[in-house]
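# Coordinate inspection notes
Letter by letter, the chains look like this.
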Amino acid sequence: MPEAAEASTRRRIRAAGGIASGVDCVGVELRQRRALPGILGPMFQRRKPEPGATGAIEMTGLTLQFGTLVAVDHIDCQVPHGEIFGLLGANGAGKTSTIKMLTTLLPPSAGRACVAGYDVVAAPAEVRRRIGYVPQMLSADGALTGYENLLLSARLYGVGRATRRRRIEDALEFMGLTAFAHRLVKTYSGGMIRRLELAQATLHQPKVLFLDEPTIGLDPVARRSVWERLADLNREFGITILLTTHDMEEAEQLCRDIAILHAGRIAVRGRPAELKASIAPTATLDQVFAHYSAMSEGGRLRDTAQTRRTARRLG
Amino acid sequence: MSAWVLDSFAIADVELRKLMRDPAELVSRAVQPLLWLLVFGQVLARVRAIDTGQLGYLAFMTPGILAQSVLFSAIFYGISVIWERDLGIVQKLLVSPASRASLIIGKAISADFRGIVQACVIYLIALLLRVPVRLEPAAVLGVLVVVTLGSAVFATFSLVIACAVKTRERFMGIGQVLTMPLFFASNAIYPLQIMPPWLRVIAQVNPLTYVVDALRQLMIQGGHSIYGLGWDCAVLTLVFLVLLGIGVRAYPHLVR
Ligand SMILES: Nc1ncnc2c1ncn2[C@@H]1O[C@H](COP(=O)(O)OP(=O)(O)OP(=O)(O)O)[C@@H](O)[C@H]1O
Ligand SMILES: [Mg+2]
């Protein structure tokens, strides 16, 4: 236990690029088993082995390249179970790309990631069963009603017939959408769609929730109620939440820990209070963000970013 | 019941709800087969240019036109899935625990529904044009089975193409390039026997040929299948499973 505490302190304060912790999670032997039944085998399988006892999210040297552009550059990062974790960073820093790898949408170019104890490459089906995801882009199905969107999610996530209806109604109620439940989503406002998506992503009580700028476009009241809802989910069910945001107030209110991404790397990680204190006694999180996402001229990170951008222009 | 079956039905269910919200689209798809039978069929029947054995030309081509409209309505699934990808809907489905196979089978079931609607429309037109269609329940049921298989094959084919080309513009281009040859290089509107040998070879590897071949016996009085119903259905089932296997692997690439 003291070892673990020490390790976590080290992780918290140190900047990115350090020693990769040995990620140990289920998946490799799973994949070998899957390969056996031939072409039809992997299509229909849904297995349920127990997850290993690791952090909720573990990234080791996680990298994503788009051609020559390195969007995510050897990230090492762990998020313990039950934590609300904020991924911050300027536009194009690699937040969405990281989430897409963790949610199994994009395969990493290098490195490993485990979510809820399962490797995202070797056991993607196990990962998917345990996560919820709100993408950055508004993406509920406009040709369906709010209720139907939720019903589809409930069915695909295996929410039992007995509890389905009540869960959907509770979620609608909580997100203030009951009156609009049977209207087509294409007639919703942006904020209403966002709330519907949050309802959709939490309906099945996932172990890990990925929220890519969850409160974008929400009015101040709705935003606060979403924060409360997320804090509740986290407290009551121990759901681990990884969210990205450009809203420093959101990060401070919600996140126990944050990491600031810069050009695909973790520039710094720590508790918001620690990070502020490390810059100046009276610093705000905005200043922390500015400090780390626009590293001083000639700084190592800025340099690499610029070289890459130039390379991309020329290439 | 198996999870993948439930998931397929969940996907099919929302697809059908969307379809039922826009019945105009469904009905408008009946116009094209109507024109083919009414104009093309009537004219060619009159000139007796094509030797169709003891069957009248209109009776000969009716199953071909049903197969054609199965093909044309199923091929639309590729573009719709690209559209849904652009809206972020496919990403959400891919993050859900539903197996990739159910995402595809769900679409195929919805295509089946479209195909069956087309079949009803064409039976109606055929009856009006006094085409000697078979109306015994077993034959009609057989037609529905073949239409279901054909729709599933072409919807899945279309999804696979969509995963390969990825953009709407490219799909539009390739869709045109593929559907017309699939139709003309088949036995839909002329028999295999009168084709030049090279075309016959293409027609024999074209799944549409097997749809038409089975429909010709099941739909028309005095119609005969060349390959036999069992063989036709076996070929279509096999093609569907192969396409499904490819689709399961290709589907995630749509969002990359
Ligand atoms: N499909 C893609 N093809 C090529 N490059 C991409 C693709 N998606 C993202 N990128 C690039 O990867 C980098 C990281 O993008 P990402 O979307 O992860 O940033 P982000 O941190 O989420 O930014 P934002 O705050 O604007 O959402 C950017 O330089 C972007 O241009
Ligand atoms: Mg983003």
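Below: a short report on this structure.

Rules of the game
- Residues numbered from 1 in each chain as written.
- Chains lettered and ligands numbered in written order.
- Predicted model: local features only at pLDDT ≥ 70, side-chain atom pairs only at ≥ 80, totals over all residues.
- Heavy atoms only, no water.
- Helix = DSSP H or I, 4+ residues; strand = E, 2+ residues; numbered from the N terminus.
- Buried < 20%, exposed > 50% of the residue type's maximum accessible area, 1.4 Å probe, protein only.
- Contact = heavy atoms within 4.5 Å.
- Areas by Shrake-Rupley, 256 points an atom, 1.4 Å probe, with all protein chains shown as cover.
- Near = heavy atom within 4 Å.
- Polar contact = N/O pair within 3.5 Å; in protein donor to acceptor, adjacent residues only side chain to side chain.
- Buried area = accessible area lost by both parts, 1.4 Å probe.
- Salt bridge = Lys/Arg side-chain N within 4 Å of Asp/Glu carboxyl O.
- Nonpolar A, V, L, I, M, F, W, Y, C, P; charged D, E, K, R; others polar.

Here we take up the overall build of chain A. A tally of helices and strands in chain A yields 13 helices and 10 strands. Looking at the 315 residues of chain A, the share that counts as buried comes to 54%. Nonlocal contacts in chain A, meaning residues at least 24 apart in sequence, comprise 71% of its contacts between residues at least 6 apart. A total of about 14100 Å² of accessible surface is found on chain A, and carbon and sulfur atoms cover 54% of it.

Okay, the site of ligand 1 next. All names here are of chain A. Near ligand 1 there are 15 residues, and of these G92, K95, T96, S97 and H246 occur at the shortest range. At 2.8 Å, a side-chain N or O of H246 approaches an oxygen atom of ligand 1. For ligand 1, whose accessible area on its own is 640 Å², the fraction buried by protein is 67%. At the level of elements, β2 (69-79) and α4 (95-102) are the ones that each hand at least two residues to the shell around ligand 1. At three residues, the largest contribution of residues to the shell around ligand 1 is made by α4.

On to the interface of chain B and chain A, then. Tallying the contact residues gives 34 residues for chain B and 32 residues for chain A. Counting the surface lost from both chain B and chain A, the interface buries some 2900 Å², and carbon and sulfur atoms represent 65% of this. By the criterion of area lost to chain A, the three top residues of chain B are K92, V95 and P97 of chain B, representing 25% of everything that side buries. Inspection of the region where chain B meets chain A yields five salt bridges. Between R17 of chain B and E148 of chain A there is a salt bridge, and its shortest N-O distance comes to 2.8 Å. In this assembly, chain B and chain A are joined by eight residue pairs in polar contact (both at pLDDT 80 or more). At 12 residues, the largest contribution of residues to the side of chain B that touches chain A is made by helix α1 (residues 3-21) of chain B. The residue inventory of the side of chain B that touches chain A, partitioned by class, reads 19 nonpolar, five polar and 10 charged.

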